[in-house]
Each structure stands twice: as structure tokens, then as C-alpha cells.
Amino acid sequence: MECRIGCGACCIAPSISTCIPGMPEGKPAGVRCVNLTSDNRCQLFGKSERPAVCLAFRAQEDTCGRSSQEALQLITKLERATALAVKHEKRIMPLLYSLKSSSA
Ligand code: SF4
Ligand code: SF4
């Protein structure tokens, strides 16, 4: 699908862990990127400073939905599921490694 001009949901809902111009630590989920204009356009669009993660993001119906409101909900849901998976992995993986090394 084509990106909905003026939507901006993918510049608000997800967390971005890499550096963004004006946000050196990246951005938390639910926070507007500082490069998002008041009419929800990327002011870095077409510029070399635009982060690779933003260049790689492609509009898709399962994440962008049919409106920016729906996109915000879908991406927030994905963000929460990913955060839970990472938290789970951080808790479980050290345990698995210790079990593996004690049985070796
Ligand atoms: S959420 Fe999808 S439609 Fe909205 S700005 Fe991002 S890519 Fe475009
Ligand atoms: S740099 Fe542009 S595309 Fe990337 S999150 Fe910010 S406003 Fe969106």
C-alpha cells in the first residue's frame, strides 16, 4: 500500500532504539519524533540524515490499517508484544544458558 500522507503513526507509536537527529538516544514508544511536523510529515524526508530504520519501514495494511488512528492502535499493540518478548528473552535466556553450562 501507499503511505498515507499526514498519518505519522509510525513516527509516534513505536520505540526507536537508534539515534535520530534531535533525539540521540532514540525515542520511547508513544512519543512524537522531533522531526515530525505539525501536519505529521517527516521533515527529514529525502535527506541523508533520515535514519535507516525509517527508510526501511514500509507501509503495509496489517500495520498501517485504514486510518492513522487504526495505525496507532496496531503499531502500539505490536510494540507491546515486542517489548514483552524482549523482556521474556532477557529473563529466560540467562536461565537457559546457566542450565546448559551446568549440564555440560
Ligand atoms: S503508519 Fe503507515 S501509513 Fe502511517 S505514516 Fe507510517 S507508513 Fe505511512
Ligand atoms: S525521522 Fe522522520 S520518519 Fe523517522 S521517526 Fe522521525 S519523523 Fe518519522
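Our structure is the block above this text.
Computed from a predicted model, the values in this text were never measured in an experiment.

Let's talk about the overall build of the chain
Working step 1: Scanning the chain from terminus to terminus reveals 3 helices and 0 strands.
Working step 2: Listing every helix and strand of the chain by position from the N terminus yields α-α-α.
Working step 3: Taken over 104 residues, the chain has a buried fraction of 23%.
Working step 4: Element-wise, carbon and sulfur atoms account for 60% of the exposed surface of the chain, whose accessible area totals about 7600 Å².

Side note on the site of ligand 1
Working step 1: Near ligand 1 the following residues occur: Cys3, Arg4, Cys7, Gly8, Ala9, Cys10, Phe57, Ala59, Cys64 and Ile75.
Working step 2: Judged by the fraction of its atoms near the pocket grid, ligand 1 is located in the largest pocket.

Observations regarding the pattern of salt bridges
Where charged atoms from two side chains of opposite charge approach closely, those side chains can pair.
Working step 1: According to the stated counting rule, one finds 2 salt bridges in the structure shown.
Working step 2: Where Glu70 meets Arg66, a salt bridge forms, and the shortest distance between an N and an O atom there is 3.5 Å.
Working step 3: Relative accessible area serves as the criterion here: at 72%, Arg66 is assigned to the exposed category.

Things to note about the site of ligand 2
Working step 1: With respect to spatial proximity, the complete set of residues near ligand 2 consists of Cys11, Ile16, Cys33, Asn35, Leu36, Cys42, Leu44, Arg50, Pro51 and Cys54.
Working step 2: Across the shell around ligand 2, the residue classes break down as 8 nonpolar, 1 polar and 1 charged.

Things to note about the layout of surface pockets
Working step 1: One number sums up the size of the largest pocket: a volume of about 840 Å³.
Working step 2: Mapped onto the lining of the largest pocket, the elements with two or more residues apiece are α1 (52–56) and α3 (68–103).
Working step 3: The greatest single-element share of the lining of the largest pocket, amounting to 3 residues, is contributed by α1.
Working step 4: There is about 210 Å³ of room inside the second largest pocket.
Working step 5: If you go around the second largest pocket, the residues you meet are Pro14, Ser15, Ile16, Ser17, Phe57, Thr63, Ile75, Leu78, Glu79 and Thr82.

Quick notes on the nonpolar core
Buried together is how nonpolar side chains tend to be arranged in soluble globular proteins.
Working step 1: Grouped together as the largest cluster of nonpolar side chains are 5 residues: Cys7, Ala9, Ala13, Ala71 and Ile75.
Working step 2: With sequence-adjacent residues up to four places away left out, Ala13 is seen in contact with Lys27, Ala29, Gly30, Leu72, Ile75, Thr76 and Glu79.

Basis of the calculations
Per-chain numbering applies: the sequence of each chain, read as written, is numbered from 1 onward. Here every chain gets a letter starting at A, and every ligand a number starting at 1, in the order they are written. In keeping with the model being predicted, local features are shown solely for residues with a pLDDT of at least 70 and side-chain atom pairs are shown and tallied solely at 80 or more, while totals for entire chains, interfaces and linings include all residues. Hydrogens are left out, water is left out, and the side-chain values use all remaining heavy atoms of the structure. In this text, helices come from DSSP runs of H or I with a minimum length of four residues, and strands from runs of E with a minimum of two, each type numbered from the N-terminal end. Burial classification: accessible surface area is computed with a 1.4 Å probe over protein chains only, and a residue below 20% of its type maximum counts as buried, one above 50% as exposed, and the rest as partly exposed. Methods summary: accessible areas were calculated by the Shrake-Rupley approach with a probe of 1.4 Å, and residue burial reflects only the protein chains presented. Any residue with a heavy atom positioned within 4 Å of a molecule or strand is treated as near that molecule or strand. Whether a set of points on the 1 Å grid over the protein atoms alone is a cavity depends on a 1.4 Å probe fitting there but being unable to get out, while an open set qualifies as a pocket with protein on both sides within 12 Å along at least five of seven lines; lining residues are those with an atom within 4 Å of a point. For a cavity or pocket, the test is whether more than half of a molecule's atoms lie within 2 Å of its grid points; if they do, the molecule sits there. When a carboxyl oxygen of Asp or Glu is within 4 Å of a side-chain nitrogen of Lys or Arg, the pair counts as a salt bridge. Each residue gets one of three labels, nonpolar for Ala, Val, Leu, Ile, Met, Phe, Trp, Tyr, Cys and Pro, charged for Asp, Glu, Lys and Arg, and polar for the others, Gly among them. Grid points are joined across faces, edges and corners, and a volume is the space filled by probe spheres set on the points. What we call a nonpolar core is a set of buried Ala, Val, Leu, Ile, Met, Phe, Trp, Tyr and Cys residues that are connected through their side-chain atoms within 4.5 Å. Should any heavy atoms of two residues lie within 4.5 Å, those residues are considered in contact.

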